[in-house]
Number of protein chains: 2
Amino acid sequence: MTDANTALHADAARPSRREQILRAAAQLFAERGARAVGVDDVGAAVGVTGPAIYRHFASKDAMLAEMLLRISERLLEGGTARVAAAGDDPLAQLRTLVAFQVDFALDNPALITVHDRDLGSLAADDAAQVRRLQRRYVEVWVEVLGRLHPEADAATNRARAHAVFGLVNSTPHSAGRLPRRTTAALLAAMAEAAATA
Amino acid sequence: MTDANTALHADAARPSRREQILRAAAQLFAERGARAVGVDDVGAAVGVTGPAIYRHFASKDAMLAEMLLRISERLLEGGTARVAAAGDDPLAQLRTLVAFQVDFALDNPALITVHDRDLGSLAADDAAQVRRLQRRYVEVWVEVLGRLHPEADAATNRARAHAVFGLVNSTPHSAGRLPRRTTAALLAAMAEAAATA
DNA sequence: CCGCCCTGTGAACCACCGTTAACATCGCGG
DNA sequence: CCGCGATGTTAACGGTGGTTCACAGGGCGG
């Protein structure tokens with residue numbers, strides 16, 4: 001009954017087999033695309049055979065769904081929390097949002113990659129739920145951007161938000177070649193400049 | 001003998017069956033992901049059955065390969081041409097590059113989407129060739145950015161270029177909701193601000 | 001008008017892959 | 001010590017989808 005909820009609190013400390021699978025799958029999905037990796041691949045990555053996966057997940061799609069749902073939830077929760085803690089200054093709010101997104105992208109390049117590439121290979125209802133969360137996260141940004149650009153309408157600020165996401169989420173494409181701090185500072189500066197342009 | 005070359009000069013005027021297929025495939029690939037669309041789907045989109053495709057392409061992978069190669073070539077050629085025609089001012093060069101990329105992304109959202117999502121589902125040698133072209137295009141940007149940021153090293157400017165690509169290529173995610181001119185102006189302003197930050 | 005090439009069709013083939021079934025092992029509570 | 005739940009393994013099933021094959025129509029040069 002609480003089975004579905006068990007999925008929600010990730011045990012980062014001592015990763016259960018379930019968590020190992022989820023992590024390995026995220027890595028593989030990011031590298032080759034969700035449809036291109038087989039259940040056997042995921043199993044092999046954690047040292048078991050393919051069908052063993054079904055002791056932990058109902059299906060391969062369920063794995064992907066849970067993965068994407070978690071990401072979207074973490075982004076939404078983190079984003080709203082940061083804004084709430086940032087006081088009333090719109091620029092300060094923007095800066096924490098940018099820092100948050102940059103950190104997230106640098107910490108979880110695989111998740112970021114899967115997030116906006118494999119949404120399409122989700123069942124209709126799962127996809128809808130993910131999109132709802134995404135939309136709410138975007139709205140957090142739109143609200144902040146709205147105070148920085150009072151003259152712009154919501155649609156424009158939505159496009160602005162997506163553009164900033166694209167900028168920050170470019171990390172996986174150019175990752176590893178630069179020290180993390182340098183990359184983080186660069187992306188934050190660029191994102192802020194773009195968002196306030 | 002000149003059969004392979006025929007592929008190179010796109011007949012935009014009266015689209016041959018080959019071109020129709022390529023266009024329809026690009027659209028479908030962008031919507032669902034290359035691996036998720038079947039040969040039958042592509043065929044149906046142009047009014048023929050699945051196997052008819054093989055009268056025009058050696059395989060489904062060959063379709064994708066030609067698609068990605070063309071995009072990369074167009075970007076590289078267009079980018080170098082624009083820079084060459086822009087004179088010596090680095091800022092002017094950046095502006096034409098930005099305008100070029102924005103126009104391309106707005107004109108070919110499907111190609112942009114496929115371009116950086118389905119590269120992974122290409123045969124090793126095709127992928128390598130595409131990556132070579134991509135790298136050369138990035139270097140065009142890096143050179144221009146290098147003159148705008150003389151203090152930064154090449155790796156930093158590479159990351160900068162990727163970030164700008166991510167920003168501009170966000171169009172497919174927020175497309176349609178805004179008039180094209182507005183979107184173009186917004187993206188260009190944001191991209192320039194980010195690139196010069 | 002004959003015959004060949006181009007393009008297309010429907011059926012069949014075959015490999016791959018997600019999923020299930022049937023059976024082992026291990027650890028732990030009673 | 002018995003047994004049961006959790007976890008895994010191997011074998012098999014079934015669907016999907018890329019590819020090939022044998023055949024048909026149709027236009028065009030000779």
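Just so it is clear, the structure is predicted and the values come from calculations on it, not from any experiment.

What am I meant to see in the interface of chain B and chain A here?
Interface size is commonly expressed as the accessible surface area that is lost when the partners come together. Chain B puts 24 residues into the contact, and the matching count from chain A is 24 residues. Taking both sides of the interface into account, the surface hidden between chain B and chain A amounts to around 2,200 Å²; carbon and sulfur atoms contribute 77%. Counting across the chain B and chain A interface gives zero salt bridges. On inspection of chain B and its partner chain A, the count reaches zero residue pairs in polar contact (both at pLDDT 80 or more). Looking at the side of chain B that touches chain A, the elements that each hand over two or more residues are α8 (154–168) and α9 (180–196) of chain B. Sorting elements by how many residues they give to the side of chain B that touches chain A places α8(B) first, with nine residues. Classifying every residue of the side of chain B that touches chain A gives 15 nonpolar, six polar and three charged.

So what exactly am I meant to see when it comes to the packing of helix α7 (residues 124–148) of chain A against helix α8 (residues 154–168) of chain A here?
If you want to describe how two helices pack, look at the angle between their axes and the distance between the axes. Residues and elements named next belong to chain A. Their axes nearest at 9 Å, the elements α7 and α8 cross at an angle of 115 degrees. With respect to their mutual orientation, α7 and α8 come out roughly perpendicular. The hand of the α7/α8 crossing is right-handed. Side by side, α7 and α8 meet where Tyr137, Val138, Glu139, Trp141, Val142, Leu145 and Gly146 of the first sit next to Ala154, Asn157, Arg158, Arg160, Ala161, His162, Val164 and Phe165 of the second. Of the residues that constitute the contact of α7 with α8, the class distribution is nine nonpolar, three polar and three charged.

Help me understand the protein's contact with DNA strand D, please; the structure alone is not making it clear to me.
A:Arg17, A:Thr49, A:Arg55, B:Val39 and B:Tyr54 are the nearest of the 15 residues found near DNA strand D. By residue class, the composition of the surface near DNA strand D is seven nonpolar, four polar and four charged.

Rules used in this analysis
- Residues numbered from 1 in each chain as written.
- Chains lettered and ligands numbered in written order.
- Predicted model: local features only at pLDDT ≥ 70, side-chain atom pairs only at ≥ 80, totals over all residues.
- Heavy atoms only, no water.
- Contact = heavy atoms within 4.5 Å.
- Buried area = accessible area lost by both parts, 1.4 Å probe.
- Salt bridge = Lys/Arg side-chain N within 4 Å of Asp/Glu carboxyl O.
- Polar contact = N/O pair within 3.5 Å; in protein donor to acceptor, adjacent residues only side chain to side chain.
- Helix = DSSP H or I, 4+ residues; strand = E, 2+ residues; numbered from the N terminus.
- Nonpolar A, V, L, I, M, F, W, Y, C, P; charged D, E, K, R; others polar.
- Axes fitted to C-alpha atoms, helices over the stretch in contact; angles between N-to-C directions.
- Parallel < 35°, antiparallel > 145°, perpendicular 65-115°, else oblique.
- Left-handed = near helix turned anticlockwise from the far one by under 90°.
- Near = heavy atom within 4 Å.

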